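One-letter residues, chain by chain:
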Amino acid sequence: MIEVNNLTFSYHKHQNAISDLNFKIKKGEIFGLLGPSGAGKSTTQKIIIGILKDYQGSVKVMGKEISEINQDFYEHIGACFELPNLYEKFTALENLNYFKGMYQSQKKNPLDLLKMVGLLEYKDKRISEFSKGMKMRLNFCRAFINDPDILFFDEPTTGLDPVNARNIKEIILKQKELGKTIFLTTHNMTVADELCDKVAFIVDGHIKLIDAPRKLKKEMGERKIQVEYIDKQNILKKTFNLKNIGFNEEYQKLLKTKEIERMSTLEASLETIFIQVTGKALCD
């Protein structure tokens, strides 16, 4: 659905914002572009959407070079940017109906979209009276109004409480089940780990690594299991190698004779892997 080759873009003559980016996104895949603020995530997304022009290299969406798109292209994509772009004097329903009128293709019922993000009871409330989290949710559901084939999300859970953040993530996974292709930019490694089929680490405008989160954690983590158990009212820890764990007599004896408090694998977190690969923390 999306193919990027040797993509380079500069806001200033002597400094590239992104350099020589290469990646592909398949239909029905959730692709995460991960990195700290200023790494080039939003720039890349804006080029793919067609907002930023004069790039170097090739960017194809649904088989067509993005520099050659016409207005019909926007019938097939939906975008949710980190900062909501809504009309403050309109109600929630008036906003969605206004955006609905911009499209010719099949459109979603605004009331269904408001219900999807828990805002149906506020449909007649002006946006100027919305909290930041409510604006974020309305901005999120706006991306679905034209029932797009490709969805672009920029930090979709920022500013949301845990319950609404979980709902947003579940909606995104549901879109994947429906065959939608999703491009996600974030610095939140937990969100990326939970949602993405494939991630790319970007730092200073360069992609350092692309792979599936599960594969990265398996390859770069420790193949060990840690057992926490109670012994004489103390909580102790013992680590075992996962290889041939079923034949490890000490492990078997521990399970049979001690009260087990917790068991966990010692796989690396996505954030730890990011720091190992890039040498930078996400807060940089």
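Small disclaimer: the values here were computed from a predicted structure and weren't measured. (Residues numbered from 1 in each chain as written. Predicted model: local features only at pLDDT ≥ 70, side-chain atom pairs only at ≥ 80, totals over all residues. Heavy atoms only, no water.)

### Focus on the packing of helix H2 (residues 92-100) against helix H4 (residues 132-142)
- At a minimum axis separation of 11 Å, H2 and H4 run at an interaxial angle of 25 degrees. For the element pair H2 / H4, the angle class is roughly parallel. When the axes of H2 and H4 are compared, the crossing they make is right-handed. In contact with Ala92, Leu96 and Phe99 of H2, H4 contributes Leu138, Cys141 and Arg142.
- Taken together, the residues of the contact of H2 with H4 break down into 5 nonpolar, no polar and 1 charged. (Axes fitted to C-alpha atoms, helices over the stretch in contact; angles between N-to-C directions. Helix = DSSP H or I, 4+ residues; strand = E, 2+ residues; numbered from the N terminus. Parallel < 35°, antiparallel > 145°, perpendicular 65-115°, else oblique. Left-handed = near helix turned anticlockwise from the far one by under 90°. Contact = heavy atoms within 4.5 Å. Nonpolar A, V, L, I, M, F, W, Y, C, P; charged D, E, K, R; others polar.)

### Focus: unusual backbone geometry
- Located in the positive-phi region is Met62, a residue other than glycine, with phi close to 55 degrees.
- In this structure, Met62 sits in the loop between strand E4 (56-61) and strand E5 (64-65).
- The backbone of Asn244 shows a phi angle near 55 degrees, a positive value even though the residue is not glycine.
- Mapped onto the elements, Asn244 comes out in the loop between strand E12 (234-241) and helix H8 (249-257).

### Section: the packing of aromatic side chains
- Going through the model one piece at a time under the given rule, you end up with 16 aromatic pairs.
- Taking the centre distance of 5.5 Å and the plane angle of 35 degrees together, the rings of Tyr87 and Phe90 count as tilted.
- What makes Tyr87 partly exposed here is its relative accessible area of 39%.
- Ring centres of Tyr87 and Phe99 lie 6.1 Å apart, and the angle between their planes is 35 degrees; on these two criteria the pair is classed as tilted. Residue Tyr87 is found in the loop between strand E6 (77-80) and H2, and its partner Phe99 is found in helix H2; the two are separated by 12 residues along the sequence.
- Residue classification places Phe99 among the buried positions, given a relative accessible area of 4%.
- Here the aromatic residues Phe23, Phe31, Phe152 and Phe183 are joined through ring pairs into a cluster of three or more.
- If you follow Arg142 out to its NZ or CZ, it ends over the ring of Phe99, 3.7 Å from the centre. (Phe/Tyr/Trp six-rings, centres within 6.5 Å; stacked < 30°, edge-to-face > 60°. Buried < 20%, exposed > 50% of the residue type's maximum accessible area, 1.4 Å probe, protein only. Lys NZ or Arg CZ within 6 Å of the ring centre and 35° of its normal.)

### Some thoughts on the sheet that holds strand E11 (residues 224-231)
- In space, the 3 strands of this open sheet follow the order E12-E11-E13, with antiparallel pairing throughout. Only two strands of the sheet have a single partner each, and these edge strands are E12 and strand E13 (259-265). Mean inter-strand twist for the sheet, computed between neighbouring axes without regard to direction, equals 20 degrees.
- The pairing of E11 with E13 spans 6 bridges and is classified as antiparallel. When the bridges of E13 are listed, Tyr229 appears paired with Ile260. (Pairing = 2+ DSSP bridges.)

### A word on helix H9 (residues 270-278)
- Residues Leu270, Ile273, Phe274 and Thr278 constitute the buried set of H9. On an axial view of H9, the arc spanned by its buried residues comes to 110 degrees, and they lie on one face.
- Residues of H9 that are buried in the fold lie against strand E3 (30-34), helix H6 (189-195), strand E9 (198-203), strand E10 (206-211) and helix H7 (213-220).
- At the C-terminal side of H9, Gly279 shows a positive phi close to 75 degrees. (Arc of directions from axis to C-beta.)

### A few points about the environment of Ile273
- Structurally, Ile273 can be placed in helix H9.
- On the basis of relative accessibility, which here comes to 0%, the residue Ile273 falls in the buried class.
- Sequence separation between Ile273 and Met62 is 211 residues; the distance between their C-alpha atoms is 32 Å.
- Ile273 has contacts with Phe201, Leu216, Lys217, Met220 and Ala268, leaving out every residue within four places of it along the chain.

### Re the nonpolar core
- One finds Leu138, Phe140, Phe144, Phe153, Ile172 and Phe201 to be the most contacted residues of the largest nonpolar core, which totals 46 residues.
- The greatest single-element share of this core, amounting to 5 residues, is contributed by H4.
- In this view, Phe201 contacts Leu34, His206, Ile207, Lys208, Leu209, Leu216, Leu270, Ile273, Phe274, Val277 and Thr278; residues no more than four positions away in its chain are not counted. (Core = buried A, V, L, I, M, F, W, Y, C linked by side-chain atoms within 4.5 Å.)

### Topic: the pattern of salt bridges
- Inspection of the entire model under this criterion finds 13 salt bridges.
- One salt bridge in this structure joins Glu194 and Lys169, with 2.7 Å as the shortest N-O distance. Of this pair, Glu194 sits in helix H6 while Lys169 sits in helix H5 (residues 162-177), and the two are 25 residues apart along the sequence.
- Of the residues examined, Lys169 reaches a relative accessible area of 10% and is grouped as buried.
- The partner of Asp193 in a salt bridge is Lys217, with the nearest N and O atoms 2.9 Å apart. A residue pair is termed long-range when its members are at least 10 positions apart, and Asp193 in helix H6 and Lys217 in helix H7 qualify at 24 residues.
- A residue is classified by how much of its surface remains accessible, and Lys217, at 13% relative accessible area, is buried.
- Overlapping salt bridges bring together Arg166, Lys169 and Glu194 as one network. (Salt bridge = Lys/Arg side-chain N within 4 Å of Asp/Glu carboxyl O.)

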